[in-house]
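Observations on chain architecture
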Amino acid sequence: MDAQTRVVSSNFAAINLSKSLLRELHLLWQFTGRDISSTIIPPILFIVAAWDYVESSLSELLFALACGTLFVWLYLFSFCLSNQIAGVEEDRINKPNRPLVTGKISLHGALVRWFLSMALFTFIGWYFGVLEWALICQMVVILHNFGGWDKHWITKNFLIGLGTFAHLAAVWQLVTPITPIAWRWLFLIGAIWSTLVAVQDLRDIEGDLAVNRSTFPIAFGEKASRFLLSLGFGLLPFIIHFILMMPTQNTTSTLLCDIVLAVFSWLIAARIVFNRSPQEDHQTYMLFTYWYCLVLASAIVVL
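Residues numbered from 1 in each chain as written. Predicted model: local features only at pLDDT ≥ 70, side-chain atom pairs only at ≥ 80, totals over all residues. Heavy atoms only, no water.

Focus: the environment of A269
Structurally, A269 can be placed in helix 14 (residues 252–274). Of the residues examined, A269 reaches a relative accessible area of 7% and is grouped as buried. Linking A269 and A198, residues 71 residues apart in sequence, is a C-alpha distance of 13 Å. Every residue in contact with A269, bar those within four places of it in the chain, is listed here: S230, F233 and G234. (Helix = DSSP H or I, 4+ residues; strand = E, 2+ residues; numbered from the N terminus. Buried < 20%, exposed > 50% of the residue type's maximum accessible area, 1.4 Å probe, protein only. Contact = heavy atoms within 4.5 Å.)

So, in structure tokens, the structure goes:
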């Protein structure tokens, strides 16, 4: 093989490698893009809150952000991938544009990627000193997607709250040991997700019925569920104020956080009652994820 042929071959190899990498990045986005605002951005904000709380250096913040982003992304990817592996038939109804439904990736290819992500997640958890939280997150992934715990609203919602609690605890611990005030935030945020995440299920009733999943709206009826969830979001600003905001200094910034979070909560409460199509319910759920980002951003201000 002459020099010119070797150059051409190497160029082709580089092009093919670039195409493969771009394809993988596109697949990663298709598997996880819908959940960035609920699983990636909030922990990043909580890392900043922990960093500001202990007043550490900028270099420590950058390191914690890099480690924390990798940790929560592995949690998100392993969860979404296994969820879609186990839910192909349901996705044909609720989310027909997902990669496994459209044939952009085979089931075997998805399983290989899932096993690799879980192995890397375990290693990263050990290496960063948060193995206990990584194992709890992995338990959530397995029980929810392969253990049948997603079939009943009690276990389904509990696991989602537990996963939220665990990955937030991990990213705080990457910065500093978990303090009593941090535990308060962790327990309350986990409890809020466990009780109010059912707003997510309002958009998926048809698909959940097709796979015999008993979600909160199916178990209690759509009308009663909308009333209860709207009531929960209506009361949420008071819970946030008395448990998270009130123990901090009563400053103008704290008051502004209370007001912004209250507006979002009451907007969600109103939409649950008055905006009832699957598309509108999806937008309402997305507003909940934005509220989640805002409440953890407020931790930067009030802690």
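Continuing now.
Focus: the packing of aromatic side chains
With the rule as written, the count across this model stands at 26 aromatic pairs. Arranged with centres 6.0 Å apart and planes meeting at 25 degrees, the rings of F288 and W291 form a pair that is stacked. Of this pair, F288 and W291 are both found in helix 15 (residues 278–302), 3 residues apart, which corresponds to roughly one turn of the helix. A relative accessible area of 0% means that F288 is categorised as buried. (Phe/Tyr/Trp six-rings, centres within 6.5 Å; stacked < 30°, edge-to-face > 60°.)

Looking at the side chain of R226
Topologically, R226 is positioned in helix 13 (residues 222–245). For R226, a relative accessible area of 1% corresponds to the buried category. Only 2.9 Å separates the side chain of R226 from the side chain of E222, close enough to count as a polar contact. Excluding residues that lie within four positions of it along the chain, R226 makes contacts with L202, I272, N275, R276 and D281. (Polar contact = N/O pair within 3.5 Å; in protein donor to acceptor, adjacent residues only side chain to side chain.)

A short note on the layout of surface pockets
The space that makes up the largest pocket amounts to roughly 740 Å³. As for the largest pocket, its lining consists of 38 residues, and the residues nearest its centre are F79, N83, H144, I160 and Q200. Among the elements that make up the lining of the largest pocket, the one with the highest residue count is helix 4 (residues 58–86) (7 residues). When its volume is computed, the second largest pocket comes out at roughly 330 Å³. Around the second largest pocket, the lining comprises 17 residues; the ones closest to its centre are N94, R203, D204, P278 and Q279. Elements supplying a minimum of two residues to the lining of the second largest pocket: helix 11 (205–210), helix 13 and helix 15. (1 Å grid on protein atoms, 1.4 Å probe; cavity = no way out; pocket = protein on both sides within 12 Å on 5 of 7 lines; lining within 4 Å. Points joined across faces, edges and corners; volume = space filled by probe spheres on them.)

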